[in-house]
Amino acid sequence: MGVSTYPTTYYEYALGVCGQVILSFVAPLVFSHLVYGVSLARPDLVQKYLGTWTQHPSVVRVFLHAYTLLSYATYVVSWVMLSCLVLLAVGFGHVHWAAGTVLISTMLIMALWYKVIDFDRSKKYGSMLDHLVSGRSTYSLIEMGTMMTETKKGKTHINHPILDEDEGGDEDNKHEGEVDERGDDIEHAPSADSISSPDSHHQQDDMRTRLLNILQSYLDTAPTSLRSRMRLFVVSLVAFIVVSFVACYISVGLCVEVQPTSYSTAFTRYFQPSYCPNGEICHFYFTVPDDLSTSLIASFHSSTKPTKPTLGRWLKTYSLFSGLCLFGTSSHKELLVKQDIDQLRLAYGGLANASYIRVTGIEEEERYVSSCDLSPLAANTTYYVVGMFFDQQGEPVFSSDELKVRTAPANRTSSYSFVTGGDMSMDEANMMLMQEAAKTEPLFAMVGGDIAYDNAFPQCYRRWDRWFVRWRDYLTTPLGYSVPMLLAIGNHEAGGFMVQPQDILYYSAYFPHALGSGTVDVLERKTYHRHNIGRSVTILSLDSWVVTPMADQVDFIRSNLQDATSNGVPFTLAIYHASLYPSVPSWEHLIVTDGRLYWEPLFSSLGLTAAFENHYHVYKRTFPIRNGHLVGDGDGDGVVYLGDGAWGIQGTDIPIVKDSWWIDKIEPVPFIYKVTVNDDNQGNISNDRKLYVEAIGLDGPVFDTWTKYRP
């Protein structure tokens, strides 16, 4: 939905999530280290503030167990999180980040193994814990800290009954004259009485020095431990590398889809069938161009590169064409089985060259998008269209279907309808609303962004494949008409707001909206455009600063609204993604405020009829508004803002603003709009030109309407 929800780079989001998880485990570990260190350095403070509870064996046992478990848990969880970070980095193609993270992860796992396989110390600490559990001692936490310090300093023996209980003898005289391996007298651990006695303050002060010696003792003993256990380290390291390699191999090409959430990698997609097999045409569809009454744009996909024939029977006639669209006013589907271009060309009568581009974001397979400008066409007329291209052997490859489509009426009084919505998703509600939309027999469909929810992941190209299949299956009308698309870009097409054109991987390549776009570089295709539906409606599809700032579209809006007014167009509409008058508490969001700053004055002064807004997943209709104020009776026209994009998305987690001054009607429900032009809703043409808007929910009920008349 918003900028904060979907940052510009998803790797930053992954870093944030992993960092939060790691910190949640590091914090309690730091606390336990702090308590342990204080118990060694300042036992007087422990006695003063923690009281007598530290004298109980059960409390000491719990503390030591918690300390040990937290230590291991922090190592393990940190390693797991870093490993996940490696997989994300590999999956998203950040190899340099992956290499650095692997190094840190390897160091962590080796440190963990060093702690786990330090058997000698484990045995000594275990003996202490066993003694405490059995209730044979009442040594305090301070004494345990002292003994653990002596153990870590590498003494060959500690004067303590826990470690000496199996050897018997007089505890007072047993170690008299004992020396360590270097010939020095062994300094025995103080007893409980000596620690608590006033005469032993010098021993308490010495604990600070012992604490500082812990680090040095680890440094002294680490090389010996590593050498003695080199085989286990090597085996562990090799196993870690093998597992990491396999995990990274499986995670390459990670795709994270939302609405609904799903995951895939190049490995899992390898075992799935392609939506666009070699030697076939897939995803045959239409987009709305500059004027729907005189033209259409037909596009189709292929995984085989279209090639101009250099040999074969078609060389002489079609050497200048890599692909074609054949169209006419009558159906000739039965001729497709013969694969004879000349026969089909004579039957249909219309021919348009197909220009193609290669989609650069898809690495696992080739993908080419061919587009035909079907122009000039007759207004208010049904056409039948087939697409074809030549493969590298010079043989024609035809679309499996003949599509049926119609143009818009050219005059200002003919009646027609279209549907509009936004934030489609791929769940069941979207499918149901598509079916409801098809039942209305729309001339075309507008979608105000957040279409397939690919989030600009290069690896999520199959999300678009599934979306195209759904559009074909559920938005073909009962009379068999294909529904052309008129789209506005949303943040989920680009991975966020305020991005660069190169961040839009598929939207611009898949949906040309101007005649001649087939020969224009994808990065040069504008994300805002004008569409005339005959002479009755002008629609501006705008960019809510997904790529183009609001201010940069001011001249475009002004010139096109002025042109529509001078040409007597009765209804002017705008569609875009982020709302100027939102249904949730986003009034001060930068994109929202910029929209009101740069766009609304033009909407108000140049007579925009209505604006279709999206993004917030709520049904909303405002009162008529002009220049930021409600328009009262007799005050002239205002702009009604209709939104907020829920063509499948079911509600929002953000509270809706029911009591805001601009809200006339609001409901957190999935919906689409049916917009009827020049009809009195009884099938009769009205003397006054009318725009009639119906809000349709799941299963088809109309739960709100709005009407605008023009003389």
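The shown structure was predicted, so the numbers you read here are calculated from the model rather than taken from an experiment. (Residues numbered from 1 in each chain as written. Predicted model: local features only at pLDDT ≥ 70, side-chain atom pairs only at ≥ 80, totals over all residues. Heavy atoms only, no water.)

**Student:** Explain the packing of aromatic side chains residue by residue, including any values.
**Tutor:** Enumeration according to the criterion identifies 40 aromatic pairs in this entry. Ring centres of W599 and F603 lie 6.3 Å apart, and the angle between their planes is 45°; on these two criteria the pair is classed as tilted. On the criterion of helical spacing, the pair formed by W599 and F603 is a turn pair, its members being four residues apart in helix α18 (residues 590-605). For the pair formed by W599 and F603, the shared burial category is buried. Here the aromatic cluster, defined as three or more aromatic residues joined through ring pairs, consists of Y285, W464, W467, F468, W471, Y506, Y507, Y510 and F511. Taking the ring centre of Y481 as reference, the NZ or CZ of K404 above it sits at 4.4 Å. The ring centre of Y481 lies 4.1 Å from the NZ or CZ of R406, which sits over that ring. (Phe/Tyr/Trp six-rings, centres within 6.5 Å; stacked < 30°, edge-to-face > 60°. Helix = DSSP H or I, 4+ residues; strand = E, 2+ residues; numbered from the N terminus. Buried < 20%, exposed > 50% of the residue type's maximum accessible area, 1.4 Å probe, protein only. Lys NZ or Arg CZ within 6 Å of the ring centre and 35° of its normal.)

**Student:** Outline the nonpolar core, listing residues and values.
**Tutor:** Nonpolar side chains in soluble globular proteins generally cluster together in the buried interior. Ranked by size, the top nonpolar core spans 70 residues in total, and within it W467, W471, Y510, F511 and F603 carry the most contacts. Considering each element in turn, this core owes the most residues, five residues, to helix α15 (residues 461-474). Once residues lying within four places of it in the same chain are set aside, the contact partners of F511 are Y285, T287, W464, W467, F468, M485 and L487. Core analysis: the next-biggest nonpolar cluster, separate from the first, contains 49 residues, L292, F327, V537 and L691 among them. (Core = buried A, V, L, I, M, F, W, Y, C linked by side-chain atoms within 4.5 Å. Contact = heavy atoms within 4.5 Å.)

**Student:** Explain the packing of helix α17 (residues 554-566) against α18 to me, and be specific about the residues and the numbers.
**Tutor:** Two elements in contact, α17 and α18, have axes whose closest approach is 10 Å; the angle formed by their N-to-C orientations is 10°. Judged on the interaxial angle alone, α18 and α17 are roughly parallel. In this structure, α17 uses V554, I557, R558 and L561 to contact α18, whose residues at the interface are Y598, W599, L602 and F603. Across the contact of α17 with α18, the residue classes break down as seven nonpolar, no polar and one charged. (Axes fitted to C-alpha atoms, helices over the stretch in contact; angles between N-to-C directions. Parallel < 35°, antiparallel > 145°, perpendicular 65-115°, else oblique. Nonpolar A, V, L, I, M, F, W, Y, C, P; charged D, E, K, R; others polar.)

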